[in-house]
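# Coordinate analysis (summary)
For reference, the chains in residue letters:
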Amino acid sequence: MNDSIPVSSALDEETARAEVYGLLAALYYAPPTPELMAQLRVAVTEAPAAGGFLEEPWRDLVAAARAVDDAAVVVEFDALFGGIGKPEIFLFGSHYLSGFLNEKPLAALRGDLAALGLGRDDTMSETEDHFAYLCEVMRYLIAGEDVEVANLTQQQKFFTAHMQPWANTMCDTVAAHPKAKFYAALAGFTRAFVAVETQGFDMLA
């Protein structure tokens, strides 16, 4: 997962979008490393992508990173998304779209990934409908060098089909959980970013 952090609205918009997706992928996939938390704590609190709509939720996320120590973030991640057996909160699209894991939404996703020439890394322990995996796919579709795959049309199709239908429900679930502190702030930023992406893609329709 990409640990880079967007810290300046001076970044070109597409680079900034890819950076945000990389950050979300890193934070949802595993407990953040001390290095990643250190970067977050010193991040400037400007909007990480073009447009002021993200500035307040970004500021909240940075403030939440500064308010918690590294060990507490690991404990929080494990309490929400880890543990033995059923986690408190699922980060898989199939759960939110069908009520069950490994259902038809995952099969549809795998078909679309195959059409893009993409597949699951054997080292990845989660299924492809994990939110972090989808963020990594979006990052590739923005920043990848193969313009036949990495282009705005493919971004719109993938986001609309596989992220937009359930991302807000996941964010609401995280934000409402009593154990969520840092991740409640992350959920707020994620929801705002999804709204910006949705609006941007709607303008293409």
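Residues numbered from 1 in each chain as written. Predicted model: local features only at pLDDT ≥ 70, side-chain atom pairs only at ≥ 80, totals over all residues. Heavy atoms only, no water.

## Let's talk about the pattern of salt bridges
Two side chains bearing opposite charge may form a pair once their charged atoms approach each other closely. Quick reminder of the rule: Each salt bridge in this description consists of a side-chain nitrogen of Lys or Arg and a carboxyl oxygen of Asp or Glu lying within 4 Å of one another. Only DSSP runs of H or I reaching four residues or more are called helices, and only runs of E reaching two or more are called strands; each is numbered from the N terminus. With a 1.4 Å probe rolled over the protein chains alone, any residue whose accessible area is under 20% of its type maximum counts as buried; one over 50% counts as exposed, and the rest are partly exposed.
Considering all chains together, one arrives at eight salt bridges under this definition. A salt bridge links Glu 197 to Arg 17; its shortest N-O distance comes to 2.8 Å. Pair noted here: Glu 197 is in helix H10 (residues 182-202) and Arg 17 is in helix H1 (residues 13-29), with a separation of 180 residues, a long-range link. For the pair formed by Glu 197 and Arg 17, the shared burial category is buried.

## Digging into the packing of aromatic side chains
The description of two aromatic rings rests on the distance between their centres and on the angle between their planes. Stated precisely, the cut-off is as follows: Aromatic pairing here means that ring centres of Phe, Tyr or Trp (its six-membered ring) are within 6.5 Å. Orientation follows from the plane angle: under 30 degrees is stacked, over 60 is edge-to-face, and everything else is tilted.
For the structure on display, the rule yields 12 aromatic pairs. Three or more aromatic residues joined by ring pairs form one cluster here, namely Tyr 28, Phe 77, Phe 81, Tyr 96, Phe 131, Trp 166, Phe 182 and Tyr 183.

## Quick notes on the packing of helix H3 (residues 55-66) against H10
The cut-off we apply is this: Note on method: axes are straight lines fitted to C-alpha atoms, helices fitted across the in-contact stretch only, with angles between N-to-C directions ranging 0 to 180 degrees. Working definition: roughly parallel below 35 degrees, roughly antiparallel above 145 degrees, roughly perpendicular at 65 to 115 degrees, and oblique for all remaining angles. Each crossing gets its handedness from the near helix: less than a right angle anticlockwise from the far helix is left-handed, clockwise is right-handed. By definition, residues are in contact when any of their heavy atoms lie within 4.5 Å. Three classes are used: nonpolar for Ala, Val, Leu, Ile, Met, Phe, Trp, Tyr, Cys and Pro, charged for Asp, Glu, Lys and Arg, and polar for all others, with Gly counted as polar.
Packing of H3 against H10 brings their axes to within 8 Å, and their N-to-C directions diverge by 160°. Taken together, the axis directions place H3 and H10 in an arrangement best described as roughly antiparallel. In the packing of H3 onto H10, the handedness of the crossing is left-handed. Touching Pro 57, Trp 58, Asp 60, Leu 61, Ala 64 and Ala 65 of H3 are Phe 182, Ala 185, Leu 186, Gly 188, Phe 189 and Ala 192, all from H10. Along the lines of polarity and charge, the residues of the contact of H3 with H10 split into 10 nonpolar, one polar and one charged.

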